[in-house]
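Coordinate inspection notes
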Amino acid sequence: MMRFAVWVPLFDELADPLTVARLAAAAEGAGWDGLFVWDQLWWRAPVTAVADPWIVLAAVAASTERLRIGPMVTPVARRRPVKLLREATTLDRLSGGRLRLGVGLGSDRFAGEFSRSGEEVDDRVRAEQLDESLEILKAGWTGEPVSHQGKHYTVDSVRFLPRPETGRIPIWVAGFPGNARPLRRAVCHEGFFPVNLTSPDQLADVVATVQSLRGSLTGYDITVAVSPSADVRPYAAAGATWCLTDFDPATLRLADVRAVIDAGPAR
């Protein structure tokens, strides 16, 4: 059974955390299963205002009871892993175990987020940082002391308590469907978000690859992003378990998001 979520950039009219919290409450009432948000520091013109996803998600968690929530996706290399661990665990507990942690490399090409803030721009290095960070997160969520001596990060015998609500937060890994490394990373976690899909047939190929690598898709999530007007049935038939209704930041209007939410998911 496919689940449905709203996926919004926290830009301009949606840069107000109270506005997004109210939208989330309305989405829950209209039958949506989730609300996910972009994780950006800034964006290209005409966007001017941008909100922090973690603060917004805390407001969303406090305003809802059922919606799955999360950043989709957070560029992990831009965050210290122990800080991300604390933030994610605290948000998960605030939401009663409803957090889904979307992770990826991010990209400098959309808004120069890495180059303009002195962050690492080499994709290979950020991939190393991502993999190390995920190791630290998973180790920290066990509640046992974490000792990590890696190329990029060090954790010296630290125990991270409390643990997430259900012991571990599901990790959904994003990546372009034709790239092997993100796919190999994703099969080791709880979900894959193939970005920039061109067709349901392409998704079917992705699902077949994931199944061959994992051996089973039981309990595993495949997430797709589609426009508000798209027919989601072919994606469900191809194996998607989550459908994210996407909004173009260049034409983003609060009224349009409200209208989509009020109409409810296209089940």
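The paragraphs below set out a description of the structure included in this document. Values in this document were obtained by computation on a predicted structure and should not be read as measured data.

On to the sheet that holds strand β11 (residues 242-246). Picture the strands of a sheet paired through backbone hydrogen bonds; they go either parallel or antiparallel. Spatial ordering of the open sheet is given by β3-β2-β1-β11-β10-β9-β8-β5-β4, a layout of 9 strands whose pairing is parallel. Strands at the two margins of the open sheet, each flanked by one partner only, are β3 (68-71) and β4 (74-75). With 4 bridges joining them, strand β8 (residues 171-175) and strand β9 (residues 191-194) adopt parallel strand pairing. Paired with Val173 across the strands is Phe192, a residue of β9. Most of the contacts of helix α2 (residues 53-63) go to β3, to which it runs at about 170°, and overall it touches β2 (34-37), β3, β4 and β5 (101-104).

Burial along β2 is two-sided: the face carrying Gly34 and Phe36 and the face carrying Leu35 and Val37 are both buried. The pairing of strand β1 (residues 3-8) with β2 spans 4 bridges and is classified as parallel. Within β2, the residue paired with Val6 across the bridge is Leu35. Crossover connection from β1 via helix α1 (residues 17-29) to parallel β2: handedness right-handed. Pairing between β2 and β3: 4 bridges, direction parallel.

Let's shift gears to the packing of α1 against helix α8 (residues 254-263). Between α1 and α8, the shortest axis-to-axis distance is 9 Å and the interhelical angle comes to 20°. One way to sum up the angle between α1 and α8 is to call them roughly parallel. The two elements α1 and α8 meet at a crossing, and its hand is right-handed. The residues of α8 that touch α1, namely those facing Thr19, Leu23, Ala26 and Ala27, are Leu254, Val257, Arg258 and Ile261. The residue makeup of the contact of α1 with α8, split by class, is 6 nonpolar, 1 polar and 1 charged.

With the rule as written, the count across this model stands at 14 salt bridges. Of the charged contacts, one joins Lys151 and Glu128 as a salt bridge, the two residues approaching to 3.2 Å between their closest N and O atoms. Residue Lys151 is found in the loop between β6 (146-149) and β7 (154-158), and its partner Glu128 is found in helix α4 (residues 123-140); the two are separated by 23 residues along the sequence. Arg233 is paired through a salt bridge with Asp231; the nearest N and O atoms lie 3.0 Å apart. Residue classification places Asp231 among the partly exposed positions, given a relative accessible area of 38%. One salt-bridge network, in which partners are shared between bridges, spans Asp39, Arg78, Arg79, Lys83, Glu87 and Glu113.

Given 3.6 residues to a turn, an α-helix orients residues that are three or four positions apart in the same direction. Helix length check: α1 (13 residues) gives 18 Å between terminal C-alpha atoms against 18 Å at 1.5 Å per residue, within 8%. When we look at burial in α1, the residues that qualify are Thr19, Val20, Ala21, Leu23, Ala24, Ala27 and Glu28. Packed against the buried residues of α1 are β2, α2 and α8. The backbone nitrogen of Leu18 lies 3.0 Å from a side-chain oxygen of the residue at the head of α1, namely Asp16.

Right, let's get into the pairing of strand β10 (residues 221-226). Most of β10 sits inside the fold, with 5 of its 6 residues counted as buried. For the segment spanning β9, helix α6 (residues 200-214) and β10, crossover handedness is right-handed. Bridge analysis of β10 against β11 gives 4 bridges, and the strand direction is parallel. The partner of Val226 across the bridge, within β11, is Thr245.

The rules we used
Residues numbered from 1 in each chain as written. Predicted model: local features only at pLDDT ≥ 70, side-chain atom pairs only at ≥ 80, totals over all residues. Heavy atoms only, no water. Pairing = 2+ DSSP bridges. Helix = DSSP H or I, 4+ residues; strand = E, 2+ residues; numbered from the N terminus. Contact = heavy atoms within 4.5 Å. Axes fitted to C-alpha atoms, helices over the stretch in contact; angles between N-to-C directions. Buried < 20%, exposed > 50% of the residue type's maximum accessible area, 1.4 Å probe, protein only. Right-handed = clockwise from strand over helix to strand, strands pointing away. Parallel < 35°, antiparallel > 145°, perpendicular 65-115°, else oblique. Left-handed = near helix turned anticlockwise from the far one by under 90°. Nonpolar A, V, L, I, M, F, W, Y, C, P; charged D, E, K, R; others polar. Salt bridge = Lys/Arg side-chain N within 4 Å of Asp/Glu carboxyl O. Expected span 1.5 Å × (residues − 1). Polar contact = N/O pair within 3.5 Å; in protein donor to acceptor, adjacent residues only side chain to side chain.

That's the geometry; what it means functionally is another story.
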